[in-house]
Amino acid sequence: MVDNHAIGRRIAEERKLAGLTQEEVAKHIKLNVEILDAIEQGIIELSTEMLIDLCWALNASADYLVFGKEESRENRPMQNLLMMLGKKELDDIEKQVKCYTKKQEEN
């Protein structure tokens, strides 16, 4: 049996851990904020599509959100920041990291 309340609590926890508001997450995944709030309260059952979108937006595993299985939280702050960027910004950052890495290898 699916525990929608526990899933909702974990979603809210991950959102807060990422430093995001309901409005920010809802906008990112193109979802009405009232629906996200109802999901976090356990009122609405998640569809597979909503679960995937939330995993992506919160950088959380489906195993954790659905079953509460712990996951590594290493590098979470950086991952959370990167998740909110668009393709152009990510491409720019990738170029900068490659430059930095190359420079470090030379030293």
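As a reminder, the structure under discussion sits directly above these lines.
Given the structure is predicted, the values throughout are model-derived calculations rather than measurements.

Caption draft 1: A look at the pattern of salt bridges. Counting across every chain of the model gives four salt bridges. Residues Lys-87 and Asp-91 are paired through a salt bridge, measuring 3.1 Å at the closest nitrogen-oxygen approach. Of the two residues, Lys-87 and Asp-91 are both situated in helix H7 (residues 87-106); the distance of four residues between them amounts to about one turn of the helix. Relative accessible area serves as the criterion here: at 62%, Lys-87 is assigned to the exposed category. Residue Asp-91 is classed as partly exposed on the basis of its relative accessible area, which comes to 28%. Linking Lys-88 and Asp-92 is a salt bridge whose minimum nitrogen-to-oxygen distance equals 3.0 Å.

Caption draft 2: How the structure looks around the environment of Leu-85. Along the chain, the position of Leu-85 falls in the loop between helix H6 (76-83) and H7. Taking the C-alpha atoms as reference, Leu-85 lies 20 Å from Met-50; in sequence the two are 35 residues apart.

Caption draft 3: A look at helix H3 (residues 33-40). The set of residues buried in H3 consists of Leu-36, Ala-38, Ile-39 and Glu-40. Packing partners of the buried residues in H3 comprise helix H1 (4-17), helix H2 (22-28) and helix H4 (48-58). If you check the start of H3, you find a side-chain oxygen 2.7 Å away from the backbone N of Glu-34, and it comes from Asn-32. Of the residues trailing H3, Gly-42 is marked for its positive phi of about 80°.

Caption draft 4: Quick peek at the packing of aromatic side chains. Inspection of the entire model under this criterion finds zero aromatic pairs. Looking at Lys-69, its charged tip hangs above the ring of Phe-67, at a distance of 5.8 Å from the centre.

Caption draft 5: Representation of the nonpolar core within the structure. Grouped together as the largest cluster of nonpolar side chains are 20 residues, with contacts concentrated most on Ile-11, Val-25, Ile-39, Leu-46, Leu-54, Leu-58 and Leu-65. Elements that contribute at least two residues to this core include exactly H1, H2, H3, H4 and helix H5 (62-67). In terms of residue count, the dominant contributor to this core is H4 (six residues). If sequence neighbours within four positions are ignored, Leu-46 has contacts with Ile-7, Ile-11, Ile-39, Leu-51 and Leu-54.

What counts, and at which threshold
- Residues numbered from 1 in each chain as written.
- Predicted model: local features only at pLDDT ≥ 70, side-chain atom pairs only at ≥ 80, totals over all residues.
- Heavy atoms only, no water.
- Salt bridge = Lys/Arg side-chain N within 4 Å of Asp/Glu carboxyl O.
- Helix = DSSP H or I, 4+ residues; strand = E, 2+ residues; numbered from the N terminus.
- Buried < 20%, exposed > 50% of the residue type's maximum accessible area, 1.4 Å probe, protein only.
- Contact = heavy atoms within 4.5 Å.
- Polar contact = N/O pair within 3.5 Å; in protein donor to acceptor, adjacent residues only side chain to side chain.
- Phe/Tyr/Trp six-rings, centres within 6.5 Å; stacked < 30°, edge-to-face > 60°.
- Lys NZ or Arg CZ within 6 Å of the ring centre and 35° of its normal.
- Core = buried A, V, L, I, M, F, W, Y, C linked by side-chain atoms within 4.5 Å.

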